[in-house]
Amino acid sequence: GLKQRGSSLARNLAHNAEFGVMLEISSELDGLIEGMRTEPDILFAQIYNSDAVLLAQGLSDNIPDSVIQSDKESLAVSDSSGNNGHNVETRELILPNAGECIEVIATVVAHTPEVSKEELGSASIAKESNQRGETIGYVRIAISAGETKAKIAETRQMIVYFTLLLVMLGILLS
């Protein structure tokens, strides 16, 4: 559940960041990161270029900046291709002040059509070109596992109260 959600969020961010990473437009990338802040369990979101230079980031208030810096090796993602050519890797991570979390790294891919010299003048290129992806950057997010566990515990508690209420109502009616 949590890993799937993290992978989905990272893929979406990577997909939306393609143009901003390609041209290194910080204002656009900051806007994407700001959109991630609406999710209460996101501890941080970062966007890097292919040389692992940080282009944009958003942090939860209690996460120290120094803890989450990354380098090229830690951003390396295995070649198991995800949706739309975005490779995604999920790892477990423990952060100071935040505890257990899931770290997800996704590649930002520039989709360029593969076109042969013969097809260059053809109008059908746009319709049926093969999409070839080149990694131009990385997206890295962390989702708090504690927040999710708290929500699960809260839901269980609500189910217990609701069941007790139904039993008492059944006893009163009978």
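1. Overview of the overall build of the protein chain
Here comes step 1: Summing up its helical and strand segments, the protein chain has six helices and five strands in all.
Here comes step 2: The order of helices and strands in the protein chain, counted from the N terminus, is α-α-α-β-β-α-β-β-α-β-α.
Here comes step 3: Evaluated residue by residue, the protein chain yields a buried proportion of 33% over its 174 residues.
Here comes step 4: Of the contacts made within the protein chain by residues no fewer than 6 positions apart, 60% connect residues no fewer than 24 positions apart.

2. Quick look at the pattern of salt bridges
Here comes step 1: Scanning the model with the defined rule gives three salt bridges in all.
Here comes step 2: Here Asp41 ties to Arg5 by a salt bridge, and the two come within 2.7 Å at their closest N and O atoms. In this pair, Asp41 is assigned in the loop between helix H3 (26-36) and strand E1 (42-49) and Arg5 in helix H1 (residues 2-16), connecting sequence segments 36 residues apart.
Here comes step 3: What makes Arg5 partly exposed here is its relative accessible area of 29%.
Here comes step 4: Salt-bridge contacts for Glu103 lead to Arg140; the nearest nitrogen and oxygen are separated by 2.5 Å. Of the two residues, Glu103 is situated in strand E4 (residues 99-114) and Arg140 in strand E5 (residues 130-144); the sequence distance between them amounts to 37 residues.
Here comes step 5: The exposure class assigned to Glu103 is buried, which follows from its relative accessible area of 6%.

3. Details of the pairing of strand E2 (residues 54-59)
Here comes step 1: In the sheet, E1 pairs with E2 via five bridges, with the strands oriented antiparallel. Paired with Ala45 across the two strands is Gly58, which belongs to E2.
Here comes step 2: Between E1 and the antiparallel strand that follows it, E2, lie four residues; Ala52 among them carries a positive phi value of about 65°.

4. Comments concerning a nonpolar patch on the surface
Here comes step 1: On the surface, Phe162, Leu165, Leu166, Leu169 and Leu173 cluster together to form a nonpolar patch covering roughly 560 Å² of accessible area.
Here comes step 2: A relative accessible area of 51% means that Phe162 is categorised as exposed.

5. Considering H1
Here comes step 1: Along its 15 residues, H1 runs 21 Å from first to last C-alpha, staying within 8% of the 21 Å computed at 1.5 Å per residue.
Here comes step 2: For H1, every residue scored as buried is listed here: Leu2, Gly6, Ser7, Leu9, Ala10, Leu13 and Ala14. Looking down the long axis of H1, one finds its buried residues gathered within 165° of arc, a one-sided arrangement.

6. Digging into H3
Here comes step 1: Inspection of H3 places Leu29, Ile33 and Met36 among the buried residues, and these make up the whole buried set. Along H3, the residues classed as buried sweep out an arc of 45° about the axis, all on the same side. For H3, exposure combined with an orientation more than 90 degrees from the buried face picks out Ser27 and Glu34.

7. Some thoughts on the nonpolar core
Here comes step 1: Formed by 26 residues in total, the largest nonpolar core has its most connected members in Leu13, Val21, Leu29, Met36, Ile47, Val139 and Ile141.
Here comes step 2: When residues of this core are traced back to their parent elements, those giving at least two are H1, H3, E1, E2, E4 and E5.
Here comes step 3: Ignoring any residue separated from it by four or fewer positions in sequence, one finds Leu13 in contact with Leu32, Met36, Ala45, Ile47, Val139 and Ile141.

8. Looking at unusual backbone geometry
Here comes step 1: We note that Glu24 has phi near 50°; this positive angle belongs to a residue other than glycine.
Here comes step 2: For Glu24, the position within the fold is in the loop between helix H2 (18-23) and H3.
Here comes step 3: At Ala52, a position not held by glycine, the phi torsion is positive, near 65°.
Here comes step 4: The residue Ala52 is located in the loop between E1 and E2 in this model.
Here comes step 5: Overall, Ala52 belongs to the buried group, its relative accessible area being 14%.

Procedures and definitions
Residues numbered from 1 in each chain as written. Predicted model: local features only at pLDDT ≥ 70, side-chain atom pairs only at ≥ 80, totals over all residues. Heavy atoms only, no water. Helix = DSSP H or I, 4+ residues; strand = E, 2+ residues; numbered from the N terminus. Buried < 20%, exposed > 50% of the residue type's maximum accessible area, 1.4 Å probe, protein only. Contact = heavy atoms within 4.5 Å. Salt bridge = Lys/Arg side-chain N within 4 Å of Asp/Glu carboxyl O. Pairing = 2+ DSSP bridges. Patch = residues over 30% accessible without salt bridge, like charges linked within 9 Å, V, L, I, M, F, W, Y side chains within 5 Å. Areas by Shrake-Rupley, 256 points an atom, 1.4 Å probe, with all protein chains shown as cover. Expected span 1.5 Å × (residues − 1). Arc of directions from axis to C-beta. Core = buried A, V, L, I, M, F, W, Y, C linked by side-chain atoms within 4.5 Å.

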